Amino acid sequence: MDLDAYTSVHRPTWDRLDSLARTRRLDAAQADELLELYGRTSTHLSMVQAHDPDGPQAAGLSMVLARARNRITGAPSSASAGFSRFFLEQLPAAFYRIRWLTVILGAAFCLVGVWFGFWVNGEPEVLASLGTDEEMREYAQEQFTGYYSENPAASFAGQVWTNNAWIAAQEVAFGITGYFVPYVLFANAQGVGISGGVMAAHGELDTFFLYILPHGFMELTAIFIAGAAGLRIFWAWVAPGQRTRLDSLAAEGRSLFTVAFGLVIVLAVSGVVEGFVTPSNLPHWLRLGLGLLVLAGYWTYTLVLGRRAVARGVTGDLEAHDAGARQLTA
């Protein structure tokens, strides 16, 4: 077969197919024509590849067919499809599945923190064990607020983000131990409670909340989310149900490590708030409002998109072929 002559004869068909594939809107007749030309051109490609599989005609025709196939199926590129699926289905589904455990851990954290705050504020000997009266007064009146403004906002935000993202990743990764998450949450609740107790003892409790809440609404919630993910992985190992422990652990691990990646983004937003909003001269109501807005955005994303995704059977796990599943053959 004379490949050049074959190309010359069928070039108008290929050009028409390419033109239809690039057309933004197709009417019914054009859609039917696209399907017909796609079938004919596929046959042409097989003929071209039989004579010169690696030649320029085969390569060019393959690109035309790929473009037409995407137009027929309406399928976006694999990269954009995977990106959309992750942020619109897998991540919100993973957040949604641990929503109640997130709330429970948050409530426990607050109870522990409040208890330590009352203990420090109500027991003079406990307060005295933390440092001299002068040191505690300096902390309450200068050091607590100074912490948020002693470094440039951008570098401080980056430092906070790195630190909190590392804590969150550890909670997810080491949650399988069963004790790491409770330990981390208790230690952080203790620290927050003691700090609040010192501030309250020196009449600065309002300052404590005005500085810790704008970023703390989302930052602490992110720590609770990471803890919930870690404990779910632990429970998958303890109570695997009908699956083997290894399968259960693998499935939950894949699903909930999605949370760790999502929290990198969440904590980046929280770090920006802590670096730029918390130490700013904005009115108190506005600083608190911005923090609440970020928190509301997270829960809206989780409850709306997450509920829809879970209802469709999404768990946050990888697709079967990405997770390593193989088709069995006889």
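Residues numbered from 1 in each chain as written. Predicted model: local features only at pLDDT ≥ 70, side-chain atom pairs only at ≥ 80, totals over all residues. Heavy atoms only, no water.

**Student:** Tell me what's going on with the nonpolar core, and back it up with residues and numbers.
**Tutor:** F95, I98, L185, I225, V259 and L263 are the most contacted members of the largest nonpolar core, which has 36 residues in total. Elements that contribute at least two residues to this core include exactly α4 (78-97), α5 (99-122), α8 (153-174), α9 (180-201), α10 (205-238), α11 (245-277) and α12 (284-311). No other element matches α10, which puts 11 residues into this core. Among residues more than four places away in sequence, those in contact with V259 are L91, A94, F95, I98, I225 and A229. One finds L3, W14, A21 and L34 within the second-largest nonpolar core, a separate group that totals 15 residues. (Core = buried A, V, L, I, M, F, W, Y, C linked by side-chain atoms within 4.5 Å. Buried < 20%, exposed > 50% of the residue type's maximum accessible area, 1.4 Å probe, protein only. Helix = DSSP H or I, 4+ residues; strand = E, 2+ residues; numbered from the N terminus. Contact = heavy atoms within 4.5 Å.)

**Student:** So what's going on with the packing of helix α1 (residues 3-22) against helix α2 (residues 28-51)? Which residues, and what values?
**Tutor:** Put simply, α1 and α2 touch, their axes get as near as 9 Å, and they point 150° apart. Accordingly, the angle class assigned to the pair α1 and α2 is roughly antiparallel. In this structure, α1 crosses over α2, and the sense of that crossing is left-handed. Counted together, L3, Y6, H10, T13, W14, R16, L17, L20 and A21 of α1 and Q30, E33, L34, L37, Y38, R40, T41, H44, M47 and V48 of α2 form the full contact between these two elements. Along the lines of polarity and charge, the residues of the contact of α1 with α2 split into 11 nonpolar, five polar and three charged. (Axes fitted to C-alpha atoms, helices over the stretch in contact; angles between N-to-C directions. Parallel < 35°, antiparallel > 145°, perpendicular 65-115°, else oblique. Left-handed = near helix turned anticlockwise from the far one by under 90°. Nonpolar A, V, L, I, M, F, W, Y, C, P; charged D, E, K, R; others polar.)

**Student:** Tell me about the side chain of T221, residues and numbers included.
**Tutor:** Here T221 lies in helix α10. A distance of 2.6 Å separates a polar atom in the side chain of T221 from the backbone oxygen of F217. (Polar contact = N/O pair within 3.5 Å; in protein donor to acceptor, adjacent residues only side chain to side chain.)

**Student:** Quick rundown of a nonpolar patch on the surface? Include the residues and the values.
**Tutor:** Residues W161, F261, V264, I265 and V269 make up a contiguous nonpolar surface patch of about 400 Å² in total accessible area. For the nonpolar patch, the element with the highest residue contribution is α11, accounting for four residues. Note on placement: I265 falls in helix α11. I265 gets classed as partly exposed once you look at its relative accessible area, which sits at 39%. (Patch = residues over 30% accessible without salt bridge, like charges linked within 9 Å, V, L, I, M, F, W, Y side chains within 5 Å. Areas by Shrake-Rupley, 256 points an atom, 1.4 Å probe, with all protein chains shown as cover. Salt bridge = Lys/Arg side-chain N within 4 Å of Asp/Glu carboxyl O.)

**Student:** How would you explain the pattern of salt bridges if you had to name every residue and give the values?
**Tutor:** Counted by the stated rule, this structure contains six salt bridges. Residues E33 and R16 are paired through a salt bridge, measuring 3.0 Å at the closest nitrogen-oxygen approach. Linking E33 in helix α2 with R16 in helix α1, this pair joins segments that are 17 residues apart in sequence. Look at E33 and you get partly exposed, because its relative accessible area is 26%. In this structure, D18 and R67 form a salt bridge, with 2.5 Å as the shortest nitrogen-oxygen distance. With a gap of 49 residues between them, D18 in helix α1 and R67 in helix α3 (residues 56-73) connect regions that are remote in the sequence. One salt-bridge network, in which partners are shared between bridges, spans D18, R22 and R67.

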